[in-house]
Amino acid sequence: MASFARRALWTLPLASGLARAEPTAAPPTASPEEDGQWTMPAKDYANTRFSGLDEINRDNVRNLQPVFTVASGTMVGQESAPIVVGDTLYFVTPYPNILFAVDLNAPAGRVKWRYNPSPASSAQGAACCEAVNRGPTYADGVIYYNTIDTHTVAVDARTGELRWKVKLGEYSRGETMTMAPLVVRDKVFVGNSGAEFGARGWITALNTRDGSIAWRAYSTGPDSDVRIDGSFNPFYPQYRGRDLGVTQWPADAWRTGGGTVWGWISYDPDQDLIFYGTSNPSPWNHEMRPGDNHWTNGIFARNPDTGMARWFYQFSPHDLWDHSAVNENIVLDIDWEGARRKVVIRPERNGYIYVIDRTSGEVLAADPFVYINATSGVDLRTGRLQEVPEMTPTTGSVMRNVCPNAPGAKDWSPSAFGKDTGLLYIPHNNLCMDWEPTDTSYIAGTPYIGVEPRFFPGPGGNGGGFFAWDPVARRKVWERTERWPVWSGAAATAGGLVFYGDLEGWFKAVDSRTGEELWRFQTGSGIIGQPTTWRGPDGRQHVAIMSGIGGWIGSMVSHQLDPRDPTAAKGWGNMMGALRDITQPGGTLHVFALPR
Amino acid sequence: MWWRALLLSASFMLAAAVLVHYRKDREYATGEAAQAMPVQGIVMSGIIAGGGQTTPRRNPYSDDGYDLGEGRRLYRAYNCNGCHANGGGGIGPALMDERWIYGAEPENIFAAIMEGRPNGMPSFRNRIPEAQAWQIVAYVRSLSGLVSTTAAPGRADQIRGTTPPGMTTRQEPVPSGPPQQP
Amino acid sequence: MRRATAVALPFLLAACSRNPSVLLDSAGPHAAATGQLFWIFLYVCAAVWALVLLLLGFAMTRRAAVIDAVTPPSDTERRLTRWVACGAGATVLVLTGFVAASYATDRHLIGIESGRHLEIEVTGRQWWWELRYRDATPSNWFVTANELHLPVGRPVRLVMRSGDVIHSVWIPNLAGKRDIIPGRANEMVIQADEAGTWHGRCAEFCGLQHAFMQLTVVAQPEAEFAQWLEAQRRPGAEPATDEQRHGQQVFQQGPCAICHTIRGPDAGSRSPTAPDLTHLASRASIGAGAAPNVRGYLGGWILDPHGIKPGVLMPRIQLPADDFQALLAYLESLR
């Protein structure tokens, strides 16, 4: 296959003993050889979102055409990854979180069964950014996913029968669940959402057998709750000390302190560690929570069996701008200043791409990838983000032109790693904002935010874009600008392609080496989902994407919010009103393949 | 001259009429009348089994600048703005447009605040006094220009940048049906 | 005689009042320095005034010389010019002296203000004061209201903000006024050199109850103050009796908790809308000095705050009798 040929070309000089750097690669244990399936939203433990299939490639992608569609029956943000196990495709709708099983055998597109967990409709009112769902995950014959009213369900992948269903939180206290679980051995890891409601964040390991709780680690509070003990060995001194999750908060504020776990979890089998990010502290108004607010806005490495923390790093201590640090941590091995290092790479909301040693938590590099004026860099000696002192907002006055804005340089929408190119493909925003902190009250079940924001495009006037990043050379290889922020995930393939979608509903394939657009298709509604690609039972490679505008950014369209109020949708009202004329609510699965 | 006398007396009469009509003794201790009223649920339909007597309750606070101002303060104090922003909406629907899922009458909005709504609006029953709820109702209606412009505030502060209620053109309410859900 | 008594009585009684809120009854270095400046101004101005009156009297009683009003003799004119020049010179001298004295006082005050201090955020709200005590350890920060405790003999930096409109802090016995402008943090350093209780006021019209927006200032010896800090940092007292437990439930599930905070494990609310009640029973008054903090007034305040402080933003709260009594019992337990 072509990809093997390319890889051989790479490895040949190395084998012959020449002074040739080894390419950046995902460890094979975390990212096994291609099997034609896509069984978890991030594709593999390493979160590469890379498929080794190359039937669809840069030469023939222009012929790509739709094979079938499935209506989800819902009309708000579709963030679910369509995952494929054998001959069945699975996806989860936003509220009411119906799990679809779609038969891929001819005639493809028949819905085999649906599972409806019947979540409480009131829970939608506790979802900050629509009652979305980022997808199901598969392990050992069972599909696991979360519901908006804080249940985790396990459904038999073949029959659609419920195996177990457990309640993990209280939506009446602002907790919801939107993230996609990850399964390691006999544990399924799930986390809550709700930092905009003062929910206290946690990650929970459930036993796959019966859904019983194996352990739960909070993101705030005393060390016993955070699961920190003698084995905790962070790289930087500011994370060492007793009960920092209590002392770095005003009295009792950690109880409503956020740090929810609604993003991606990755896993390194070699070290037996899971990595995940914790969200912003609550409320957004930083003056109400002096201190570094441990352990919010950081990354934890934990033992999956015991839940005990190994190391931690905080991207945005004492968060000023809702820079919720839940983005994907891509597990890679990389040549770094003459040595081979085990790292995770994290394109972070605050505008820096971090390269972090995944054995210790040391930050090797933090390079800006958008225009930033709120911070001046990351001090690699102390690991601390360097804030610009004049850019400290105060209650009751407006801080103008803060870049990047609250959704950040890149929100949850996951990037992909090209195993063939060694590049990262990153969807991103180019946004700035005005930000006015206000007084706010914690009233259980209502938002706990305390900021009036107003978003607008950053320098250049475009809302976002998509770029390829070389993690070794630490620079952009190519970049595409887009009118709107790119809120869809990315998927890369051995065929030299990267797939992503835009908010106008165009699903695109671009050349992974140059960024040149090779194919596009209008799906009818804005795309905020995650593309996947896999081999169908007929042996052909397919590409799938959910289309359906919504989420935080798209609620202007899906809920027909009023753009005359610039603070609508917590700031998007100021710039997303025009999108209402371009796209419309939707909720459809689209599947593409080459013609026979 | 006779026309001067006429003009003078006419202006006096006009002033007197204005005083009689618009002068209101302000009751800062927000209305005993509303406070004392127990709420037994709100009737949203005119069809009542047994023909029960239902006079829709009128908002006692809709035409007073003080109450609108208090409504605005409470709208923020009770986190209404967390979901509905400054009328443009977010987690909850927009309040400044013409679409009303559950009705635009004061009693409909009052019921939404007190009883909640099934798609996420929480109930504030027993949490906020009725008089304050009515003040919030008045403010909410002012966002789409449904209150007297003589009472609505003429400016909007700071970042918000929305048209102040006093300058909002009236958005004629349109019942919009239930939110789009399967 | 009776009339004279009636006129004198208020003045005499005013002298009896304990800790009258006047700048001259200084309790700290700031007020002392400013008071000193006041006395300098007063004495000098009094001397000038007496001199002017003396000269005026002299002029009035002096036998007038016969002068030609149309063309005054040149020596008279010269004499007049000399007088005016002397007067102008003396005025410039006195004013320069005043400027120098003011400058020296300011420098003295700035000298007191430099250095590290205890920092307290004072937020003016309609019509009460929110006080947030800062500390190097964030978990030691806490919020209280209307009763500003200070350690004796230590400068305290007040960081002043507004939650709504313009206010102004004035604690006459300790320092001059300082305005609070919305959206800005203004600062002032105060120091109390003796233990005692004084009253501060809002000195910028801020609405209906501007006149009754009292800031009680309690200066305590260091040890006592440390004890108070320690007590305030603790969460609200756990209810000890069934009635108090019921009261806590009423507080957390009823209308109180939506605006007031009582810190603790079951905190249902954390709100800057109304005064923090975590240690309500430790305070001497309620409603920013509107009434003494005793059960009767507290009950009356909950039922009808407008009877005590018309226009206050707290609404009337109607509760069933047993809920009401339980709530009072709980609030009284919050030492």
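The preceding data block contains the structure.
From a predicted model like this one, the values you see are computed outputs, not experimental measurements. (Residues numbered from 1 in each chain as written. Chains lettered and ligands numbered in written order. Predicted model: local features only at pLDDT ≥ 70, side-chain atom pairs only at ≥ 80, totals over all residues. Heavy atoms only, no water.)

Asker: Talk me through the interface of chain C and chain A; I want residue IDs and the actual numbers.
Answerer: Interface size is commonly expressed as the accessible surface area that is lost when the partners come together. With 21 residues of chain C at the contact, the number on the chain A side is 26 residues. Both faces combined, the contact of chain C with chain A buries some 1,700 Å², and carbon together with sulfur accounts for 49% of it. Considering only the side of chain C, the residues that lose the most area to chain A are Pro138(C), Ser139(C) and Arg270(C), jointly responsible for 35% of the buried surface there. Remark: the boundary between chain C and chain A carries two salt bridges. A salt bridge links Glu287(A) to Arg161(C); its shortest N-O distance comes to 3.3 Å. Where chain C touches chain A, the interface holds nine residue pairs in polar contact (both at pLDDT 80 or more). (Contact = heavy atoms within 4.5 Å. Buried area = accessible area lost by both parts, 1.4 Å probe. Salt bridge = Lys/Arg side-chain N within 4 Å of Asp/Glu carboxyl O. Polar contact = N/O pair within 3.5 Å; in protein donor to acceptor, adjacent residues only side chain to side chain.)

Asker: Before we move on, could you go through the sheet that holds strand E1 (residues 50–51) of chain A and cite the residues and values that matter?
Answerer: Read from one edge to the other, the open sheet built from five strands follows the order E1-E33-E34-E35-E36 (chain A), with strand pairing classed as mixed. Each end of this open sheet is capped by a strand with a single partner; those strands are E1 and strand E36 (517–522) of chain A. (Pairing = 2+ DSSP bridges. Helix = DSSP H or I, 4+ residues; strand = E, 2+ residues; numbered from the N terminus.)

Asker: How would you sum up empty space enclosed by the protein? Please name residues and give values.
Answerer: Enumeration over the complete set of coordinates arrives at ten cavities of 30 Å³ or more. In this structure, the largest cavity encloses a volume near 530 Å³. Those elements giving two or more residues to the lining of the largest cavity turn out to be strand E1 (118–125), strand E2 (128–133), strand E3 (142–145) and strand E5 (156–162) of chain C. Looking at the lining of the largest cavity, its residues break down into twelve nonpolar, eight polar and eleven charged. Considered as a void within the structure, the second largest cavity measures approximately 280 Å³ in volume. Taken together, 27 residues line the second largest cavity, and the ones lying closest to its centre are Cys128(A), Cys129(A), Arg134(A), Glu196(A) and Trp262(A). Considering only residue class, the lining of the second largest cavity consists of eleven nonpolar, eight polar and eight charged. (1 Å grid on protein atoms, 1.4 Å probe; cavity = no way out; pocket = protein on both sides within 12 Å on 5 of 7 lines; lining within 4 Å. Points joined across faces, edges and corners; volume = space filled by probe spheres on them. Nonpolar A, V, L, I, M, F, W, Y, C, P; charged D, E, K, R; others polar.)

Asker: Hey, could you go over the interface of chain B and chain A for me, with residue numbers and the actual values?
Answerer: Listed as interface residues are 33 residues of chain B and, on the opposing side, 40 residues of chain A. Summed over both partners, the interface of chain B with chain A comes to about 2,800 Å²; 49% of that surface belongs to carbon and sulfur atoms. At the boundary of chain B with chain A, the tally comes to zero salt bridges. Where chain B packs against chain A, one counts 16 residue pairs in polar contact (both at pLDDT 80 or more). In terms of residue count, helix H4 (residues 80–84) of chain B provides more of the side of chain B that touches chain A than any other element does, three residues in total. Here the residues of the side of chain B that touches chain A sort into twelve nonpolar, 17 polar and four charged.

Asker: Got a sec to walk through the packing of helix H5 (residues 106–115) of chain B against helix H6 (residues 130–143) of chain B? Specific residues and values, please.
Answerer: Describing two packed helices takes the angle between their axes plus the distance from one axis to the other. Residues and elements named next belong to chain B. The geometry of H5 relative to H6 is characterised by a closest axis approach of 9 Å and an angle of 125° between their N-to-C directions. By the angle between their axes, H5 is oblique relative to H6. When the axes of H5 and H6 are compared, the crossing they make is right-handed. Touching Pro106, Glu107, Ile109, Phe110, Ile113 and Met114 of H5 are Glu130, Ala133, Trp134, Ile136, Val137, Val140 and Arg141, all from H6. (Axes fitted to C-alpha atoms, helices over the stretch in contact; angles between N-to-C directions. Parallel < 35°, antiparallel > 145°, perpendicular 65-115°, else oblique. Left-handed = near helix turned anticlockwise from the far one by under 90°.)

Asker: Account for the state of the cysteines, with residues named and values stated.
Answerer: One pass over the structure, following the stated rule, counts two disulfides over all chains. Shown here is the disulfide that connects Cys128(A) with Cys129(A), its sulfur atoms set 2.2 Å apart. Looking down the S-S bond of the Cys128(A) and Cys129(A) bridge, the torsion is -95°, so its handedness is left-handed. Judged by its relative accessible area of 17%, Cys129(A) falls in the buried class. Here Cys403(A) connects covalently by a disulfide to Cys432(A), the sulfurs 2.1 Å from one another. Torsion about the S-S bond of the Cys403(A) and Cys432(A) cystine: about 105°, corresponding to right-handed handedness. On the criterion of sequence distance, the pair formed by Cys403(A) in the loop between strand E25 (399–402) and strand E26 (416–417) and Cys432(A) in strand E28 (residues 431–437) is long-range, its members being 29 residues apart. Each member of the pair Cys403(A) and Cys432(A) is classed as buried. In this model Cys80(B) remains outside any disulfide bridge; the closest cysteine sulfur is found in Cys83(B), 8.9 Å from its own. According to the relative accessible area criterion, Cys80(B) is buried, its value standing at 16%. (Disulfide = S-S within 2.5 Å. Buried < 20%, exposed > 50% of the residue type's maximum accessible area, 1.4 Å probe, protein only.)

Asker: Go over the side chain of Arg49(A) with me, naming the residues and quoting the values.
Answerer: All names here are of chain A. With respect to the helices and strands, Arg49 occurs in the loop between helix H1 (2–15) and E1. Buried charge without a salt bridge: Arg49, with Glu328 as the nearest opposite-charge side chain at an N-O distance of 6.6 Å. Here Pro41 takes part through its backbone oxygen, which lies 2.9 Å from a polar atom of the side chain of Arg49. Leave out the neighbours within four places in its chain, and Arg49 touches Trp38, Pro41, Ala42, Lys43, Trp264, Pro414, Ser415, Ala416, Ala490, Ala491, Ala492 and Gln530. (Lys, Arg positive; Asp, Glu negative; His and termini not counted.)

Asker: Give a detailed account of unusual backbone geometry, specifying residues and quantitative values.
Answerer: Residue and element names in this part refer to chain A. In the segment running from Ala106 into Pro107, the intervening peptide bond is cis, with an omega of -5°. By the secondary structure assignment, Pro107 is in the loop between strand E5 (99–103) and strand E6 (110–115). Here Cys403 and Pro404 are connected by a cis peptide whose omega angle stands at -5°. Positive phi outside glycine occurs at Asn97, with the angle close to 55°. Unusually for a residue other than glycine, Asn401 sits at a positive phi of about 55°.

Keep in mind that these numbers describe shape and distance, not what the molecule does.
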